[in-house]
Amino acid sequence: MIMLYGIKTCDTVRKACRWLDAAGIAYQYYDLRKDGLTQEVLAGWLQQVGWEKLLNRSGMTYRKLSAEDKERLNADTALGMLLEQPTLMRRPILLEDGKVLHLGFKPEQYEALFLHK
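About the criteria used
Once a new chain begins, its residue numbering starts again from 1 and follows that chain's sequence as written. Selection of residues for local features in this predicted model requires a pLDDT of at least 70, selection of side-chain atom pairs for listing and counting requires 80 or more, and totals for whole chains, interfaces and linings are taken over all residues. Side-chain calculation: all heavy atoms of the structure are included, whereas hydrogens and water are not. One requirement defines pairing of two strands: DSSP has to find at least two bridges between them. For helices the rule is a DSSP run of H or I covering at least 4 residues; for strands it is a run of E covering at least 2, with both sets numbered from the N terminus onward. Fitted lines through C-alpha atoms give the axes, limited to the stretch in contact for helices. The angle between two N-to-C directions lies from 0 to 180 degrees. By definition in these notes, contact holds between two residues if any of their heavy atoms fall within 4.5 Å.

By the naming in an unreviewed UniProt entry, the chain goes by ArsC family reductase and is assigned to Neokomagataea anthophila.

**Examining the sheet that holds strand β2 (residues 27–31)**
Across the sheet, four strands lie side by side as β2-β1-β3-β4; this open sheet has mixed pairing. Looking at which strands have only one partner, the edges of the open sheet turn out to be β2 and β4 (99–103). For this sheet, the mean inter-axis angle between neighbouring strands, taken without regard to orientation, is 25°. Bridge count between strand β3 (residues 93–96) and β4: four bridges; the pairing is antiparallel. Paired with I93 across the two strands is L103, which belongs to β4. On the sheet, helix α2 (residues 39–49) packs against β1 (2–6), β3 and β4 and is oriented at approximately 70° with respect to β4. The strands touched by helix α7 (residues 107–114) are β1, β3 and β4; relative to β4, the strand with the most contacts, the crossing angle is about 150°.

In structure tokens:
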């Protein structure tokens, strides 16, 4: 089963959902704000892709962080900060059977994942 984690107000997440719908790919959607995220799930993602890849440095949440918070972001603090502020994560997060398939959305990358298997 494909799972897509995101935030409903995120344009990139909406584009990914529209692409999956148009391609006829079934998925389950989880809203990071509404549905929440467990420490165990997030720790698994961090182990798979690393905190640097999961962190969205171009997003508004990151840009609004204080210089001190940005400076203290590292492998040891990322889990807590991302749990506290899930909008710090690159979105959408696409998973299959618990494995992170892709972070973010670009149509050509989704095509490679799903249509050229």
